[in-house]
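# Topology and contacts: notes
Spelled out, the chains give:
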Amino acid sequence: MATPIASNFTRLTSADLLKFKRFLIENVGRSMEGEQLQSGDRSEFMKQRLQEVYVQTRVSLPDDIRKQIFDDIIDELTGFGPIQPLLDDPDISEVMVNGPKKVFIEKNGRLTKSAVTFEDDDHVLRIIDRIILPLGRRVDADTPTVDARLPDGSRVNAVIRPVSIDGPCITIRKFKKDKLSIQQLINYGSLTQNMGEFIRACVLAHLNIVISGGTGSGKTTLLNVLSGFIPEEERIVTIEDAAELQLQQDHVLRMETKVPNTDGKGAVSIRDLVRNSLRMRPDRIVVGECRGGEALDMLQAMNTGHDGSLTTLHANTPRDALSRLETMVLMSGMDLPLKVVRQQISSAVDLIIQQTRLKDGSRKVTAITEVVGMEGDIVVLTDIFKFEQIGVGENGKILGELKPTGIRPIFSPRLEAAGFKLGAEIFMTPSSLGSSHRR
């Protein structure tokens, strides 16, 4: 085997090291072709083979440089290249590749630029292909965007040229291996004990709930928590673009959309799956996110006996969530008068939970709002709980309070019929409680 570069490491430039790394990757990769090994055995065999190829080159690198190159090569051959260490870091929640030289991360709620880089656009494209090919998905000039997921359930979106002007981009929302509990959200300050007790009662009483929030606000995390309240004996159908819900119940049917084949046929949309789920005798329908015309099918399901359905959508306030629902219903292609659409929404949706990512990076439930009904052409909303910001503290930390508005929901009899007689203290403001005690 020929040595690709001079053996005196003191003269090696970064270009030499990159050339050397590519040489090792090529030779180790070639030696692994046709090897039928389990994943653990394959990794060990690869490390052994890498050491053998390195020794044969007669190149002597300092231990720290050699270890870094070896780690990079293992990540390249067994993982997802330069971003693998970021995916392995439990404190990083999101990885964003904005081209080969700009990789950003979200860590503990803060966005920062990482030191990680790719070699070039082709290197990013190779990692995209490694992610999507096992899932039967594709990305090319005709279909330059793709949604996928990693083996651990992390959600991936990739965009390439010509849509992505500055080169291929990857956005990875990491999958949390440990499902959060309602108590953990309470401990984090995302909601209060009373709010948690109220939400649990609403889920068990089969209220239809929409979780509203912006991108990265924690909607799916909250949906996971709410789904954990569903009784074990109920039949649950989950519908997602990329499966990431972590339901612990035994009787769960998980369905995922399918992209069209190379002929543009065979696609299965969220709307197709929602319609199909109605034939599967579900006790609950859980849609990961409503984005289009499937909202009409979801509302019709909620209105025809499938109580207790859960979904999320993108909106910044509960009122915006209603507008978004209206828009999505109109996207279904049905020529419905706006008043009829609003009547469908008001009779189907019982509760909107607003999830927000605040400016300091924290995530909170900022409103729990009842959909009361119609007054004329307007859907009436009533806030049951609300977050009130009172200022900004040190390091930009948002200061505020989650508290009840003092209004008891109109659907309280439904909660009581389901066995939940919630005390007045859950819905009363601190000032009201104080005055009631004085009386």
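All values reported here derive from a predicted model rather than from experimental measurement.

### As for the confidence of the model for the protein chain
The predicted model of the protein chain has a mean per-residue pLDDT of 88, with 92% of residues at 70 or higher. Averaged over each element, pLDDT in the protein chain is lowest for helix α14 (residues 430-438) (51) and highest for strand β7 (residues 209-213) (98). Contacts for the low-pLDDT stretch residues 1-10, under 50 throughout, to residues beyond four places or in other chains number 26 contacts.

### A look at the nonpolar core
Core analysis: the largest hydrophobic core is formed by 42 residues, its most contacted members being F198, I209, L226, I353, I368 and L415. Secondary-structure elements contributing two or more residues to this core are α6 (182-187), α7 (193-204), β7, α8 (219-227), β12 (351-357), β13 (363-375), β14 (378-392) and β15 (398-404). No other element matches the six residues that α7 contributes to this core. If near-sequence neighbours (up to four positions away) are discounted, I353 is found in contact with I199, I209, V210, I211, S212, L222, L226, V365, A367 and I368. Ranked by size, the runner-up nonpolar core spans 31 residues in total, among them I270, L325, M328 and V371.

### Structural notes on empty space enclosed by the protein
One pass over the full model with this rule turns up two cavities of 30 Å³ or more. For the lining of the largest cavity, the residue count by class is four nonpolar, one polar and three charged. The wall of the second largest cavity is formed by V210, C290, A295, M298, L299, M302, T311 and L325. At four residues, helix α10 (residues 294-303) tops the list of elements feeding residues into the lining of the second largest cavity. Among the residues making up the lining of the second largest cavity, the classes are represented as seven nonpolar, one polar and no charged.

### Some points on the sheet that holds strand β9 (residues 252-256)
If you trace the nine strands from one edge of the open sheet to the other, you get β9-β8-β10-β11-β7-β12-β13-β14-β15, paired in mixed fashion. Because the sheet does not close on itself, it has two edges, and the strands there are β9 and β15. Across this sheet, the average inter-strand angle for adjacent strands is 25 degrees, counted without regard to direction. Relative to β15, β14 runs antiparallel, the two sharing seven bridges. Counted as the bridge partner of V392 is I398 from β15. The strands that helix α11 (residues 318-330) touches are β7, β11 (310-314), β12, β13 and β14; relative to β14, the one it contacts most, it runs at about 135 degrees. The sheet strands contacting helix α12 (residues 338-348) are β13 and β14, and the helix crosses β13 at an angle near 120 degrees.

### Examining the sheet that holds strand β3 (residues 110-113)
The six strands are arranged β3-β2-β1-β6-β5-β4 in an open sheet whose pairing can be described as antiparallel. Every other strand in the sheet has two partners, leaving β3 and β4 (145-149) as the edge strands with one partner each. When strand polarity is set aside, the average angle formed by the axes of neighbouring strands in this sheet is 15 degrees. Two strands pair when backbone bridges link them, and β4 and strand β5 (residues 155-159) are joined in this way by five bridges, in the antiparallel orientation. Looking across to β5, one finds that T145 is bridged to V159.

### What about the layout of surface pockets?
In this structure, the second largest pocket encloses a volume near 480 Å³. If you go around the second largest pocket, you meet 21 residues; those closest to its centre are L18, K21, Q68, D72 and T117. Elements with a contribution of two residues or more to the lining of the second largest pocket: α1 (14-32) and α3 (63-78). The residue inventory of the lining of the second largest pocket, partitioned by class, reads 10 nonpolar, five polar and six charged.

### Focus: the packing of aromatic side chains
Summed over the entire model, instances satisfying the criterion amount to six aromatic pairs. Each ring, one from Y54 and one from F70, has its centre 5.4 Å from the other, and the planes form 85 degrees; the classification is edge-to-face. Note that Y54 is positioned in helix α2 (residues 39-57) and F70 in helix α3, a separation of 16 residues in sequence. Pair check on accessibility: Y54 and F70 agree, each one buried.

### Looking at α12
Buried residues of α12: V341, R342, I345, S346 and A348, and no others. Residues of α12 that are buried sit in contact with α10, α11, β13 and β14.

### Considerations on the pattern of salt bridges
Per the stated rule, a full pass over the model turns up 23 salt bridges. Salt-bridge contacts for R173 lead to E94; the nearest nitrogen and oxygen are separated by 3.0 Å. With R173 in strand β6 (residues 169-173) and E94 in strand β1 (residues 92-98), the pair connects residues that are 79 residues apart, well separated along the chain. Taking relative accessible area as the criterion, E94 reaches 10% and is therefore assigned buried. Among the ionic pairs, D383 bridges to K386, the shortest N-O distance being 3.5 Å. Looking at D383, the relative accessible area reads 26%, which means it is partly exposed. It is possible to trace a salt-bridge network through shared partners that takes in R22, E119 and R126.

### What to know about unusual backbone geometry
R161 connects to P162 through a cis peptide bond whose omega is 5 degrees. In the Ramachandran plot, R58 falls in the positive-phi region, its phi being about 60 degrees despite a non-glycine side chain. As for its position among the elements, R58 is in the loop between α2 and α3. Here the phi dihedral of H206 falls at roughly 65 degrees; this positive angle occurs in a residue that is not glycine. Checked against the element boundaries, H206 lands in the loop between α7 and β7. Residue classification places H206 among the partly exposed positions, given a relative accessible area of 23%.

Rules and cut-offs
Residues numbered from 1 in each chain as written. Predicted model: local features only at pLDDT ≥ 70, side-chain atom pairs only at ≥ 80, totals over all residues. Heavy atoms only, no water. pLDDT = per-residue confidence, 0-100. Helix = DSSP H or I, 4+ residues; strand = E, 2+ residues; numbered from the N terminus. Contact = heavy atoms within 4.5 Å. Core = buried A, V, L, I, M, F, W, Y, C linked by side-chain atoms within 4.5 Å. Buried < 20%, exposed > 50% of the residue type's maximum accessible area, 1.4 Å probe, protein only. 1 Å grid on protein atoms, 1.4 Å probe; cavity = no way out; pocket = protein on both sides within 12 Å on 5 of 7 lines; lining within 4 Å. Points joined across faces, edges and corners; volume = space filled by probe spheres on them. Nonpolar A, V, L, I, M, F, W, Y, C, P; charged D, E, K, R; others polar. Pairing = 2+ DSSP bridges. Axes fitted to C-alpha atoms, helices over the stretch in contact; angles between N-to-C directions. Phe/Tyr/Trp six-rings, centres within 6.5 Å; stacked < 30°, edge-to-face > 60°. Salt bridge = Lys/Arg side-chain N within 4 Å of Asp/Glu carboxyl O.

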